[in-house]
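Coordinates in review
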Amino acid sequence: MNSQINLALIGASGVVGEKIMTLLENRATKINNFYPLGDSSVGKELVFNDSAYVIQDLKDFDHSKINIAIFSAGSKVAKEHARNFVDNGIYVIDLSSEFRYEDDVPLIIPEINGEEINKLRGPSLIANPNCSTSQLLMALNPIHKELKVDILNVSTYQAVSGTGKQAVQELKNQIKDSSINQDVYPKKIAFNVIPQCDIFLENNFTKEEMKLVWETQKILDKNIEVQATCVRVPVINGHSEAVFLRTIKETTREKVIELLNNSSGIKVIDNPESLKYPTPLENANDTEDVFVGRIRSQIINSENWTSMWIVADNVYGKGAALNTVQILEGLVENNKLC
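Residues numbered from 1 in each chain as written. Predicted model: local features only at pLDDT ≥ 70, side-chain atom pairs only at ≥ 80, totals over all residues. Heavy atoms only, no water.

As for the overall build of the chain
Across its full length, the chain holds ten helices and 14 strands. In terms of overall dimensions, the chain has C-alpha extents of about 60 × 55 × 40 Å along its principal axes. Taking the contacts inside the chain whose residues are at least 6 apart along the sequence as the reference set, 68% of them involve residues at least 24 apart. With the model as given, the accessible surface of the chain reaches about 15600 Å², and the carbon-plus-sulfur share is 45%. In the chain, 34 positive and 44 negative side-chain charges are present, and the distance between their average locations comes to 1 Å. (Helix = DSSP H or I, 4+ residues; strand = E, 2+ residues; numbered from the N terminus. Contact = heavy atoms within 4.5 Å. Areas by Shrake-Rupley, 256 points an atom, 1.4 Å probe, with all protein chains shown as cover. Lys, Arg positive; Asp, Glu negative; His and termini not counted. Charge placed at Lys NZ, Arg CZ, Asp CG, Glu CD.)

Regarding the UniProt feature "active site" (unreviewed entry) in the chain
The UniProt entry lists Cys 131 and His 239 under the feature "active site" (unreviewed entry), expressed in the numbering used here. For the annotated residues, spread through 109 residues, the largest C-alpha to C-alpha distance comes to 8.3 Å, consistent with a single compact locus. Cys 131 sits in the buried class, given a relative accessible area of 13%. Apart from the residues within four sequence positions on either side, Cys 131 is in contact with His 239, Asn 314 and Gly 319. Relative to the assigned elements, His 239 resides in strand E11 (residues 239-247). Leave out the neighbours within four places in its chain, and His 239 touches Cys 131, Ser 132, Gln 135, Tyr 157, Gln 158, Ala 159, Gly 162, Arg 232, Ile 310, Val 311, Ala 312 and Asn 314. (UniProt positions renumbered as here; feature names shortened; annotations may be inferred. Buried < 20%, exposed > 50% of the residue type's maximum accessible area, 1.4 Å probe, protein only.)

Looking at the nonpolar core
Core analysis: the biggest nonpolar cluster contains 57 residues, and Ala 69, Phe 85, Val 92, Leu 260, Val 292 and Met 308 have the highest contact counts within it. Counting residues domain by domain, this core receives three or more from each of domain 1 (5-128 + 320-334) and domain 2 (132-159 + 193-312). Here Val 292 is in contact with Ala 139, Leu 260, Ile 266, Lys 267, Val 268, Ile 269, Pro 278, Met 308, Trp 309 and Ile 310, once residues within four sequence places are set aside. With 34 residues, the next largest nonpolar core counts Ile 20, Leu 23, Leu 120 and Val 325 among its residues. (Core = buried A, V, L, I, M, F, W, Y, C linked by side-chain atoms within 4.5 Å. Domains from an automatic or database assignment.)

Comments concerning the domain arrangement of the chain
Many descriptions give the size of an interface as the accessible area lost when the pieces come together. Domain boundaries in the chain define domain 1 (5-128 + 320-334) and domain 2 (132-159 + 193-312). Taken over C-alpha atoms, the centre of domain 1 sits 27 Å from the centre of domain 2. Counting from both sides, the interface comprises 14 residues of domain 1 and, opposite them, 15 residues of domain 2. Between domain 1 and domain 2 the total buried area reaches about 1300 Å² when both faces are included, carbon and sulfur atoms providing 60% of it. Of all residues in domain 1, Tyr 101, Ile 109 and Ile 112 give up the largest surface area on contact with domain 2, accounting jointly for 41% of the area buried on that side. (Buried area = accessible area lost by both parts, 1.4 Å probe.)

Comments concerning the pairing of strand E13 (residues 290-300)
Here strand E12 (residues 266-268) pairs with E13 via three bridges, running parallel. Bridged to Ile 266 within E13 is Val 290. Two elements, E13 and strand E14 (residues 303-312), share eight bridges in a ladder whose sense is antiparallel. Across the sheet, Val 292 pairs through a bridge with Ile 310, a residue of E14. In textbook terms, the turn of a hairpin is the stretch between consecutive antiparallel strands, and for E13 and E14 this stretch comprises two residues, one of which, Asn 301, has a positive phi near 50 degrees. (Pairing = 2+ DSSP bridges.)

With respect to the UniProt feature "domain: Semialdehyde dehydrogenase NAD-binding" (unreviewed entry) in the chain
The positions that UniProt labels "domain: Semialdehyde dehydrogenase NAD-binding" (unreviewed entry) are, in the present scheme, residues 6-120. Secondary structure over residues 6-120 splits into 29% helix and 25% strand, and the C-alpha atoms at its two ends are 19 Å apart.

Right under this line is the structure:
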């Protein structure tokens, strides 16, 4: 059976939407028909695969033209339109948090639970995980499969590109002129660190922090205890994470490195003597791998603890665009778009 990709991309002019198009071009994905859709961006021109397109109005689009839609336009747009697309016989991949925690919506990282794609019995809604979750679980998965992680503490250091184009421009403007006040963030981001990503919830954790809890437990293992602190930092692109995890089985630094080195999509950069470890500036700009360094294992009070540092491109890479395109490729491989 031959799959044909007739794709609508909602939010094509956004930070992630642009990277999705770039990835599709770089991976030479054969797109039969392409339709960029939007709301506020209707009428804007863009180029994809050397052809010019005009963004069409999402509300008036003829669903019969496509068999798959990627929503990269936030929760509000997804809530209003995504299920309507599914009801019209279209597979939908949504990058927002709107549907991630619903029992009937698979939350997929193809390297970890890609078999969920094959289980789909018709046009469905598929959720793409939070950018911080994707890179975290890519590194955690091989360790958990072998050594069984039961406690996870993570602090994230998240780039402004995760908030969108306005946030990137706000950082650049404040760097040029420190008198410019904040608009996107609750405090100035230039030359600062803001220990708040998303809104605060009743338990005093932010929604971003709870996303890491909910998504780790839904994708990897409901029994893993997770605590998170999510921080916004004045970095243009590339999320970083300091991870501390406890395993049931005893391990060593060498064993952890071996597990990571044998895992697809992971690249270990770890040599303290030569000051080699991943950073967003060096490793997280239009890169697909999840980079891991600063790996340390030790036994504390008879407990097995491992620490590591994780860096990935949160827009082009595993955090958003790449995972979405891999889900699309999984639909093709499993003959879902025939």
